Amino acid sequence: MPVEIWIIIGFVALMTASAVFWGRTVEVRREARFKEAAETLKFAYFGKGGESLPPGIEGLSQFAQGTLQHVEHLMQGTANGIELTILDLATTGGLGMYQSFSVRSVAIFRSSRLELPPFFVSPSGGGGKVDVPPGMEMVVISGDKAFDRKQILFGNRPEKVKALFQKEVRQFFVEKGPFNLEGYGDLLVIYFSQLPLSAMPGFLESVFPVYSVICQAIENDKGSPVRG
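(A) The arrangement of the overall build of the protein chain in detail. Scanning the protein chain from terminus to terminus reveals five helices and nine strands. Reading the helices (α) and strands (β) of the protein chain from amino to carboxyl end gives α-β-β-β-β-β-β-α-β-α-α-β-β-α. Counting only residues that meet the buried cut, the protein chain has 43% of its 228 residues in that class. Across the protein chain, every contact between residues at least 6 apart in sequence was considered, and the portion connecting residues at least 24 apart equals 65%. Of the roughly 12400 Å² that the protein chain leaves accessible, carbon and sulfur atoms contribute 58%.

(B) A look at the environment of Leu87. Mapping Leu87 onto the fold places it in strand β3 (residues 82–93). What makes Leu87 buried here is its relative accessible area of 0%. The spacing of Leu87 and Tyr45 is 42 residues in sequence and 9.8 Å in space, taken between C-alpha atoms. Sequence-distant contacts of Leu87, defined by excluding residues within four places in its chain, comprise Leu53, Phe63, Val71, Glu72, His73, Leu74, Arg104, Ser105, Val106 and Ile108.

(C) Main features of the pattern of salt bridges. Applying the stated rule across the entire model yields six salt bridges. Its salt-bridge partner being Glu83, residue Arg110 comes within 3.1 Å of it at the nearest N-O pair. Residue Arg110 is located in strand β4 (residues 100–110), and its partner Glu83 is located in strand β3; the two are separated by 27 residues in the primary sequence. Note on Glu83: relative accessible area 24%, which makes it partly exposed. Close ionic contact of Arg113 with Glu219 constitutes a salt bridge, the shortest N to O distance being 2.4 Å. With Arg113 in the loop between β4 and β5 (116–123) and Glu219 in helix α5 (residues 203–220), this residue pair connects regions lying 106 residues apart in the sequence. The class for Arg113 is partly exposed, based on a relative accessible area of 38%. If you follow the salt bridges from partner to partner, you end up with Glu83, Arg110 and Asp186 in one network.

(D) Quick look at the nonpolar core. One finds Phe109, Phe165 and Ile214 to be the most contacted residues of the largest nonpolar core, which totals 40 residues. For this core, the element with the highest residue contribution is α5, accounting for ten residues. Setting aside its immediate chain neighbours within four residues, Phe109 contacts Ile82, Glu83, Leu84, Leu114, Asp186, Leu187, Leu188, Ile190, Val207, Phe208 and Tyr211. Of all hydrophobic cores here, the second largest spans 13 residues; its members include Leu74, Val106, Leu187 and Tyr191.

(E) Main features of unusual backbone geometry. Going from Gly177 to Pro178, the amide bond is cis rather than trans, its omega being 10 degrees. Relative to the elements of secondary structure, Pro178 occurs in the loop between α4 (167–176) and β8 (180–185). Of note, the phi angle at His73 is positive, near 55 degrees, even though the residue is not glycine. Note on placement: His73 falls in strand β2 (residues 69–79).

(F) A look at the environment of Glu72. Its place among the elements puts Glu72 in strand β2. Linking Glu72 and Gly47, residues 25 residues apart in sequence, is a C-alpha distance of 5.6 Å.

(G) How the structure looks around the pairing of β5. A large share of β5 lies buried, amounting to eight of its eight residues. Pairing geometry for β5 and β8, over four bridges, is antiparallel. Across the sheet, residue Val121 finds its bridge partner in β8, namely Leu181. Where β5 meets strand β7 (residues 151–155), five bridges bridge the pair, whose relative direction is antiparallel. Paired with Ser122 across the two strands is Ile152, which belongs to β7.

(H) Seen up close, α5. In this model α5 runs 27 Å from its N-terminal to its C-terminal C-alpha over 18 residues, within 8% of the 26 Å that 1.5 Å per residue would give. Those residues of α5 that fall on the buried side of the exposure criterion are Phe203, Val207, Phe208, Val210, Tyr211, Val213, Ile214, Cys215, Ala217 and Ile218.

Thresholds applied
Sequence positions are assigned chain by chain, starting from 1 and proceeding in written order. With pLDDT at 70 or above as the cut-off, local features in this predicted model cover only qualifying residues; side-chain atom pairs require 80 or more to be listed or tallied, and sums for whole chains, interfaces and linings still use all residues. Side-chain figures throughout are based on the complete set of non-hydrogen atoms in the structure, without hydrogens or water. The helix count covers DSSP runs of H or I at least four residues long, the strand count covers runs of E at least two residues long, and both are numbered beginning at the N terminus. For the exposure calls, accessible area comes from a 1.4 Å probe over protein chains only, and a residue counts as buried if that area is under 20% of its type's maximum, exposed if over 50%, partly exposed in between. Contacts were defined at the residue level, with two residues in contact if any of their heavy atoms lie within 4.5 Å. Shrake-Rupley sampling with a 1.4 Å probe provides the accessible areas, and residues are treated as covered by the protein chains on show and by no other component. For this document, the term salt bridge refers to a Lys or Arg side-chain nitrogen within 4 Å of an Asp or Glu carboxyl oxygen. Grouping buried Ala, Val, Leu, Ile, Met, Phe, Trp, Tyr and Cys residues that are joined through side-chain atoms within 4.5 Å yields what is termed a nonpolar core. Strand pairing is defined by DSSP finding a minimum of two bridges between the two strands. Expected helix span is computed as 1.5 Å times (number of residues minus one).

Pasting the structure below:
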C-alpha cells in the first residue's frame, strides 16, 4: 500500500481518537458539574438512572416506551417544596450515515397543585422544537396574534387546554418564551436546548416562573374544565 494511503489512514485514526477523547473530557466535566449542582441543591444524583423518573412520565411523548431516548445526568429532589427532576435527554434518530444525535435538558415538576389536561406547547418559529405528541390537535385561541407568533398550542381536549391558557399565561409566554412545554395530570415538563455548564447555577430561575404561572392559572379558575 502506498505511503500516502497510510498517512491518510493514520490522520483519520488520529482525528477520530482526538474526537473521542475530547467528547469524553466534555462528558466528564458535565457529569462533575451536575453532581456539584445536585450537592448544592441537596438533590440525589442518579446519573443514567432512568428508573428514577417520576411515576407516569412514560405517558408523555418524549419518554414514551419504545422511543429512542436515553436519560443522562438525572438528579432529583425537592426545591421550594416541589418535587423536581432535572436531566439531559439524549435522542438518536435516523440510520447509518444519516443518523443524528441531539441532547436536550429537561425539568420535570411533579405536584398535587398540577391538575393538567394533556397539552403541548411548541415554538412557532421552528427552532429547537420537540416533536408534537401523536393524537394531539392544534388548539387555536382566537384574537391573540402575539401568542400565535411565538407559540403553537396542542391538546386532545381543546376546551380544557383553552381554559388553562388564559390571558395571563399567554402573556407570560409572549414575554418570556418561546418554550417547549408538555403537561398531563400532576406532571409539567419543560424542554430546553442542552444547557451549557455555565448555565447550571441559574437553571432554577428559568424554570420556576413557568411552573408558577401554570399553577396560578389553575388556582384562578378552580371551577373550570381545567380541573379533573
